[in-house]
Amino acid sequence: MVVTASADEEQLDPRQVPSVTLEGWRSFVDATPATCTLLAAPARDALSPAQRTGYDDRRIAYHSELVIIETSTVRHLTHQGRLLTLLNQRECGARRALIVSGPWASGKTTGIKLLGKVHEQNVRRKYPGQDRIPVVYITTPPKGSPRKLASEFAHFLGLPDKSRHNTTDIADSVCRVLTDARTDLVIVDEIHNLNLATSVGEDMSDHLKYFTEHMPATFVYAGINVERSGLFTGMRGQQISARSVLVRTGSFTYDGEWKALVASLESALRLHAHTPGTLTRNAKYLHQRTGGSISSLSHLIRVAAISAILSGGEAITRSTLDDTIIDHAAESATAHRAAVGA
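These numbers were taken from a predicted model, which means no experiment stands behind them.

### Notes on the nonpolar core
- One finds Phe153, Phe156, Phe211 and Phe219 to be the most contacted residues of the largest nonpolar core, which totals 49 residues.
- Looking at this core element by element, the count peaks at 6 residues for helix 7 (residues 146-157).
- With residues near it in sequence (within four places) discarded, Phe153 still touches Val136, Ile138, Val174, Leu178, Val186, Phe211, Met215 and Phe219.
- Judged by nonpolar contacts, the second largest core, of 31 residues, contains Ala34, Tyr62, Leu300 and Ile306.

Given below as structure tokens:
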């Protein structure tokens, strides 16, 4: 039996260009969800040892990515982002922005990148064949400066970094390129790195405001608990607050949506001996174990699936879940709840 490279195998290339470059962003937008076909028992048994290893490697790669679940929070976020881009498209004055705030690992980056992906795909359908850059995705540099912020935009576009250029020169070049490219959505992640309680943060805020005033685009910001990070401090912070819609992310309660999230992840498994319904029957346990964090839930199930392939057990059981170590925050919270009898 000869096994050739399949469409599944071609999709599972682990190498990814960072989304903070134009090439990486376009790769993210063009990417399709990973798929993996589970072989029937006779076909699996007919594989040679080398073919069996390759088959298992493809399944491991598939489970390392698994599916991106569109939660109610993500749907709300993308809806608000679309409303603002439509609202701002004819605006000549101050445009409204979107701020996404929540704890770490609560789906902020996933949500804003999905918003950007959907927006760019819509623009491509509306204007086929045009060389546009509908979306820019950057991160706020830690311990940054106006020049570093401007350089993040230039880096995304692949503009040459010329040390003799001052901050205004870089910013003007960026604004000119993005205006010509009809950019209408700018996503700035890690905005909690911008603290308006500091002089550096004030300078960066003023420079960011320069971009918003010189580009006809809707700005979307995301950060960890931005209400407490200093983003809304002082006069500048009040101005940001008055011009922004705030969407909060957080942990899920144990309800019908949580059970549906678990069921969606379970249906995506590609394991030969897994008993359907095992995870949904343990939905409450999974909620207690992860504290309702979608990130921790995804981590737990993906690692358990990979472990099941590596061990040859080919199934996720309650014992497998118990033995799977996930992020320290979730593990610590679980230990605390057990200690207090919650």
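### Observations concerning the packing of aromatic side chains
- Enumeration over the complete set of coordinates arrives at 5 aromatic pairs.
- Taken together through their ring pairs, the aromatic side chains of Trp25, Phe28 and Tyr137 make up a single cluster.
- The ring of Tyr137 is capped by Lys113, whose NZ or CZ atom sits 5.5 Å from the centre of that ring.
- Between the NZ or CZ atom of Arg132 and the centre of the ring of Tyr127, over which it lies, the distance is 3.8 Å.

### Thoughts on helix 11 (residues 256-267)
- Spanning 12 residues, helix 11 covers 16 Å between terminal C-alpha atoms, matching the ideal 16 Å at 1.5 Å per step.
- Within the span of helix 11, buried status applies to Trp258, Leu261, Val262, Leu265 and Glu266. For helix 11, the arc enclosing every buried residue in end-on projection is 135°, short of the 170-degree limit, so these residues lie on one face. What points out from helix 11, more than 90 degrees from its buried face, is the exposed set Gly256 and Ser267.
- In this structure, the buried residues of helix 11 make contact with helix 12 (278-281), helix 13 (283-290) and helix 14 (294-311).
- Its side-chain oxygen 3.1 Å from the backbone nitrogen of Glu257, Asp255 forms the N-cap of helix 11.

### Structural notes on the pattern of salt bridges
- In the structure shown here, the tally under the stated rule is 13 salt bridges.
- The partner of Asp30 in a salt bridge is Arg124, with the nearest N and O atoms 2.5 Å apart. One end of the pair, Asp30, is in helix 2 (residues 22-30); the other, Arg124, is in helix 6 (residues 108-126), with 94 residues separating them in the sequence.
- Accessibility expressed as a relative area gives 49% for Asp30, which makes it partly exposed.
- Across the pair Asp206 and Arg236 runs a salt bridge, and its minimum N-O distance is 2.7 Å. You can see Asp206 sitting in helix 9 (residues 199-214) and its partner Arg236 sitting in helix 10 (residues 234-242), a full 30 residues away along the chain.
- Overall, the relative accessible area of 35% leaves Asp206 in the partly exposed class.
- Among the charged side chains, a salt-bridge network with shared partners connects Arg44, Arg52, Asp56, Arg59 and Glu314.

### Some thoughts on the pairing of strand 2 (residues 135-139)
- Along strand 2, 4 of the 5 residues are buried, which leaves the element largely enclosed by surrounding structure.
- Both strand 2 and strand 3 (residues 185-189) contribute to a ladder of 5 bridges, which runs parallel. In the strand pairing of strand 3, Val135 is matched with Leu185.

### As for helix 5 (residues 72-88)
- Along its 17 residues, helix 5 runs 24 Å from first to last C-alpha, staying within 8% of the 24 Å computed at 1.5 Å per residue.
- For helix 5, the elements touching its buried residues are strand 1 (97-102), helix 6, strand 3, strand 4 (218-224) and strand 5 (244-248).

Basis of the calculations
Residues numbered from 1 in each chain as written. Predicted model: local features only at pLDDT ≥ 70, side-chain atom pairs only at ≥ 80, totals over all residues. Heavy atoms only, no water. Core = buried A, V, L, I, M, F, W, Y, C linked by side-chain atoms within 4.5 Å. Buried < 20%, exposed > 50% of the residue type's maximum accessible area, 1.4 Å probe, protein only. Helix = DSSP H or I, 4+ residues; strand = E, 2+ residues; numbered from the N terminus. Contact = heavy atoms within 4.5 Å. Phe/Tyr/Trp six-rings, centres within 6.5 Å; stacked < 30°, edge-to-face > 60°. Lys NZ or Arg CZ within 6 Å of the ring centre and 35° of its normal. Expected span 1.5 Å × (residues − 1). Arc of directions from axis to C-beta. Polar contact = N/O pair within 3.5 Å; in protein donor to acceptor, adjacent residues only side chain to side chain. Salt bridge = Lys/Arg side-chain N within 4 Å of Asp/Glu carboxyl O. Pairing = 2+ DSSP bridges.

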